[in-house]
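This is what each chain is made of:
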Amino acid sequence: MDEHGIVIRNKARLVAKGYNQEEGIDYEETYALVARLEAIRMLLAFTFIMDFKLYQMDVKSSFLNGFLQEDVYVDQPPDFENSENPNHVFKLKKALYDLKQVPRAWYERLSKFLLEKGFTRGKVDTTLFIKRKLHDIFLIQIYVDDIIFGSTNDSLCKEFSQDMQNGFEMSMMGELNFFLGLQIKQTKNGIFISQSKYCT
């Protein structure tokens, strides 16, 4: 749904039976770091002080982008079995929805990508990535598959957007105006935040 609660797209997904996985056998770590709401508010205040805009990108099917460290096998999907080998299983090369380790695998791939591009990870908030170039600063905040970013130099934003679209299937959503149930209006006079009534 969008910020007005209107359904804009329906999805169908192939999922694994993650509830059958056993810790220590099928996976080790499961968690993915996510930004806290306080960190988002601090970022908004900082961008206002530094006088630059924040933009938003969305990773399409982010959990399918992670690479698995473990060997994971899944049954053939119902009604899509191979008639010649109906008892065979698939070995996954990449992550699949509902696997316990999927959020961690995605975060590790994305953070590795950003570190290779010259960003440094925040020491207190590890979902914040920072890059300095001469007198300019570039900030990225990650919340699972939502990425908000901004810079004192707008050309760095365009360069970053292009890098991300080359590395992943991304949707550039323009200026940040809706994030984690917050409606955000960025103007020259300040940043105005209101809680969406459709926030769940």
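Scope of this entry: the structure provided in the associated data block. (Residues numbered from 1 in each chain as written. Predicted model: local features only at pLDDT ≥ 70, side-chain atom pairs only at ≥ 80, totals over all residues. Heavy atoms only, no water.)

1. Brief notes about empty space enclosed by the protein
To find leftover empty space, a probe the size of one water molecule is rolled over the atoms.
Reasoning step 1: For the structure on display, the rule yields two cavities of 30 Å³ or more.
Reasoning step 2: Empty space within the largest cavity amounts to approximately 100 Å³.
Reasoning step 3: Along its surface, the largest cavity is lined by K117, F119, K131, K133, F138, L156, E159, F160 and D163.
Reasoning step 4: Of all the secondary structure elements, the ones that give two or more residues to the lining of the largest cavity are β5 (128-133) and α3 (154-167).
Reasoning step 5: Residue contributions to the lining of the largest cavity peak at four residues, all from α3.
Reasoning step 6: For the lining of the largest cavity, a count of residues per class yields four nonpolar, no polar and five charged. (1 Å grid on protein atoms, 1.4 Å probe; cavity = no way out; pocket = protein on both sides within 12 Å on 5 of 7 lines; lining within 4 Å. Points joined across faces, edges and corners; volume = space filled by probe spheres on them. Helix = DSSP H or I, 4+ residues; strand = E, 2+ residues; numbered from the N terminus. Nonpolar A, V, L, I, M, F, W, Y, C, P; charged D, E, K, R; others polar.)

2. Observations regarding the sheet that holds strand β4 (residues 120-121)
Reasoning step 1: Read from one edge to the other, the open sheet built from six strands follows the order β4-β5-β6-β7-β1-β8, with strand pairing classed as antiparallel. Both edges of this open sheet fall to β4 and β8 (170-175), since each of them pairs with a single strand only.
Reasoning step 2: The pairing of strand β1 (residues 54-59) with β8 spans four bridges and is classified as antiparallel. Paired with Y55 across the two strands is E175, which belongs to β8.
Reasoning step 3: Seen against the sheet, helix α1 (residues 37-50) touches β1, β6 (136-143) and β7 (146-151) and runs at an angle of roughly 155° to β6. (Pairing = 2+ DSSP bridges. Contact = heavy atoms within 4.5 Å. Axes fitted to C-alpha atoms, helices over the stretch in contact; angles between N-to-C directions.)

3. What about the nonpolar core?
One recurring pattern in soluble globular proteins: nonpolar side chains tend to sit buried together.
Reasoning step 1: L114, I140, I147, F149, F160 and M164 are the most contacted members of the largest nonpolar core, which has 21 residues in total.
Reasoning step 2: At the level of secondary structure, the elements contributing two or more residues to this core comprise β1, α2 (102-116), β6, β7 and α3.
Reasoning step 3: For this core, the element with the highest residue contribution is α2, accounting for five residues.
Reasoning step 4: The contacts of I147, once residues within four sequence positions are left out, are Y55, Q56, M57, V59, L110, I140, Q141, F160, M164 and M170.
Reasoning step 5: If you look at the next biggest cluster of nonpolar residues, it comprises 13 residues, including I40, L43, L128 and I137. (Core = buried A, V, L, I, M, F, W, Y, C linked by side-chain atoms within 4.5 Å. Buried < 20%, exposed > 50% of the residue type's maximum accessible area, 1.4 Å probe, protein only.)

4. Quick look at the pairing of β7
One face of the sheet, then the other: side chains in a regular strand alternate in exactly this way.
Reasoning step 1: Of all six residues in β7, six are buried, a share of seventy percent or more.
Reasoning step 2: On β7, burial covers both faces: D146, I148 and G150 on one face and I147, F149 and S151 on the other are all buried.
Reasoning step 3: The pairing of β1 with β7 spans five bridges and is classified as antiparallel. Its bridge partner lying in β7, Y55 is registered against F149.
Reasoning step 4: In the sheet, β6 pairs with β7 via six bridges, with the strands oriented antiparallel. The partner of I142 across the bridge, within β7, is I147.
Reasoning step 5: Remark: two residues form the turn of the hairpin made by β6 and β7, two consecutive strands paired antiparallel; V144 in that turn has positive phi of roughly 55°.

5. Considerations on the environment of G66
Reasoning step 1: Within the secondary structure layout, G66 lies in the loop between β1 and β2 (73-75).
Reasoning step 2: Look at G66 and you get buried, because its relative accessible area is 0%.
Reasoning step 3: Spatially, the C-alpha atom of G66 lies 4.1 Å from that of W106, the residues being 40 residues apart in sequence.
Reasoning step 4: Residues within four places of G66 in sequence aside, it is in contact with K94, A95, A105 and W106.

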